[in-house]
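Single-letter residue listing:
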Amino acid sequence: MKKYRKLIIAALIALVFIGTFVFLWRKSQPQEVVYNEFAPAVNDVRKTTIITGKIEPRNEVNIKPQISGIITELMKEPGQYVQQGEVIARVKVIPDMGQLSSAEARVRLAGINLKQAQVDYDREQALYDKQLVSADEFEKIRQKLHQAKEELTAAQDALQVVRDGVSKSNASASSTLVRSTISGVILDVPVKVGNSVILSNTFNDGTTIASVANMNDLIFRGNIDETEVGQLVSGMPMKITIGALQDLKFDAALEYISPKAVESNGANQFEIKAAVHVAKDDKLRSGYSANAEIVLAEVQKALTIPESAIEFSGDSTFVYVIKGEGEEKTYHRQPVVTGLSDGVNIEIKKGLTAKDKIRGPELIAEEK
């Protein structure tokens, strides 16, 4: 029994040894190389580029107050539409003490001058009634009285403007009412009731009460690499895709290419702008991220092959044309003249016909 057991074990060891030998021998044998095969096809070839940018209004206007003071009322909110001249906010004036003192002094002085002018007029009128002075002298005194009255009125208006921001004579054009200078949508109201605001002057830009823009006149703004900017021309059509709106697409037309590059992440890029064609019922928002696709070059009905089938050697390009079939199949190295490529297919200008078959890359093990 023990003798049979030893024979069985020896037989198993021999089988394992022989199996291993056969496996290694098969692995060492050269395998047949199998290639992809392609036939040239007639296609349109487009070279495109994708530019990342954002959508924004062409003109965004910051509305600022004409006086300094405190916001007492806000009539509008972001997202609302306003007409030109419509009131957005009301400002309560905080008078400057120096200006207030000067305005009060001007009123007092104008009052004194008016009293003196009235006395001179009454005296001159009495003499004129007795024909003791000429009409010319009387008219001069009466004119001075009118001037004194106008000066007092002007001084009182100036005092009201300094103290209240508005006078009785110009209540309809009150500087305490902040009005929109254009018609459009309010994009932002960065202030709240109670905030202090200042008017724009030489030393300060002033406080922005609201930002207003015409959302029917939008542009796409982005940057393109210096290697591609030379192929752009004003007026080129573009396709704008907005991912946030379920890949909504819009037509656009290139209208601006910056003459000066800006450095971004170590590369020179040029700013571009394109007018976006938006329908009235399309509710786009300012600041949406978007991608713009531009066709840099295009060839229609060109003879094409997969670019992976091209062999590049220096400045020359070659393909391997298949001759024969089965065991008689051979590959002939054929020089070709290539044209435009879209990264997948490439145009063949010379060297091939639509009847040729060409060799592509070698098939990997899983494809064989």
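> I keep staring at the confidence of the model for the protein chain and nothing clicks. Help me out?
Detailed conclusions should not be drawn from predicted coordinates in areas where pLDDT is low. Per-residue pLDDT for the protein chain averages 82, and the proportion of residues at 70 or more is 86%. Mean pLDDT across the secondary structure elements of the protein chain bottoms out at helix α1 (residues 2-28), with 66, and peaks at strand β10 (residues 210-213), with 94.

> Which parts of the structure should I look at to understand the pattern of salt bridges?
Pairs can form between side chains of opposite charge whenever their charged atoms are close. A full pass over the atoms with the stated rule returns 13 salt bridges. Note that arginine 123 and aspartate 120 form a salt bridge whose closest N and O atoms lie 3.3 Å from each other. Of this pair, arginine 123 and aspartate 120 both sit in helix α2 (residues 97-129), three residues apart, which is roughly one turn of that helix. By relative accessible area, arginine 123 is classed as partly exposed at 47%. Each member of the salt-bridge network shares a partner with another, and the members are Glu56, Arg221 and Glu271.

> I keep staring at the pairing of strand β15 (residues 289-306) and nothing clicks. Help me out?
On a regular strand, one side chain projects to one face of the sheet and the next to the other, so that they alternate. As judged from the 13 bridges shared by strand β2 (residues 41-57) and β15, these two strands associate in the antiparallel manner. Looking across to β15, one finds that arginine 46 is bridged to glutamate 298. Across four bridges, strand β12 (residues 237-242) lies against β15 in antiparallel orientation. Its bridge partner lying in β15, lysine 239 is registered against glutamate 293. Bridging between β15 and strand β19 (residues 345-350) involves three bridges; their strand directions are antiparallel.

> Whenever I open this one, the pairing of β2 confuses me. Can you help?
Pairing geometry for β2 and strand β11 (residues 218-225), over five bridges, is antiparallel. Residue pairing across strands places proline 57 opposite leucine 218, the latter belonging to β11.

> Looking at this structure, I do not really get a nonpolar patch on the surface. What am I missing?
Residues Ile8, Leu12 and Leu15 make up a contiguous nonpolar surface patch of roughly 320 Å² in combined accessible area. Its place among the elements puts leucine 12 in helix α1.

> Sorry if this is basic, but what is going on with the nonpolar core here?
Here is a general trend for soluble globular proteins: nonpolar side chains tend to be buried in one another's company. Ranked by internal contacts, the top residues of the largest apolar core, which has 25 residues, are Ile55, Phe220, Leu232, Met238, Ile240 and Ile272. Breaking this core down by element, the ones donating at least two residues are β2, β11, β12, β13 (248-264), β14 (267-276) and β15. Among all residues touching isoleucine 240, those that are not within four sequence positions of it are Ile55, Phe220, Leu248, Lys249, Phe250, Ala252, Ala290, Asn291 and Ala292.

> Sorry if this is basic, but what is going on with the sheet that holds strand β3 (residues 60-63) here?
Adjacent strands of a sheet pair through backbone hydrogen bonds, lying either parallel or antiparallel. Ordered by their spatial adjacency, four strands build an open sheet running β3-β10-β8-β5, and the pairing between neighbours is antiparallel. If you trace the sheet from one side to the other, it starts and ends with β3 and β5 (81-82), each paired once. Looking at chain direction, β5 and strand β8 (residues 184-188) are connected through two bridges and run antiparallel. Within the sheet, the bridge partner assigned to tyrosine 81 lies in β8 and is valine 185.

> So what exactly am I meant to see when it comes to the packing of aromatic side chains here?
Each aromatic ring pair is characterised by the separation of its centres together with the angle its planes make. Overall, the coordinates contain zero aromatic pairs when judged by the stated rule. The ring of tyrosine 256 carries the charged tip of lysine 273 above its face, separated from the ring centre by 5.1 Å. When the ring centre of phenylalanine 318 is taken as origin, the NZ or CZ atom of arginine 333, which lies over that ring, is 3.7 Å away.

Reading guide: rules and limits
- Residues numbered from 1 in each chain as written.
- Predicted model: local features only at pLDDT ≥ 70, side-chain atom pairs only at ≥ 80, totals over all residues.
- Heavy atoms only, no water.
- pLDDT = per-residue confidence, 0-100.
- Helix = DSSP H or I, 4+ residues; strand = E, 2+ residues; numbered from the N terminus.
- Salt bridge = Lys/Arg side-chain N within 4 Å of Asp/Glu carboxyl O.
- Buried < 20%, exposed > 50% of the residue type's maximum accessible area, 1.4 Å probe, protein only.
- Pairing = 2+ DSSP bridges.
- Patch = residues over 30% accessible without salt bridge, like charges linked within 9 Å, V, L, I, M, F, W, Y side chains within 5 Å.
- Areas by Shrake-Rupley, 256 points an atom, 1.4 Å probe, with all protein chains shown as cover.
- Core = buried A, V, L, I, M, F, W, Y, C linked by side-chain atoms within 4.5 Å.
- Contact = heavy atoms within 4.5 Å.
- Phe/Tyr/Trp six-rings, centres within 6.5 Å; stacked < 30°, edge-to-face > 60°.
- Lys NZ or Arg CZ within 6 Å of the ring centre and 35° of its normal.

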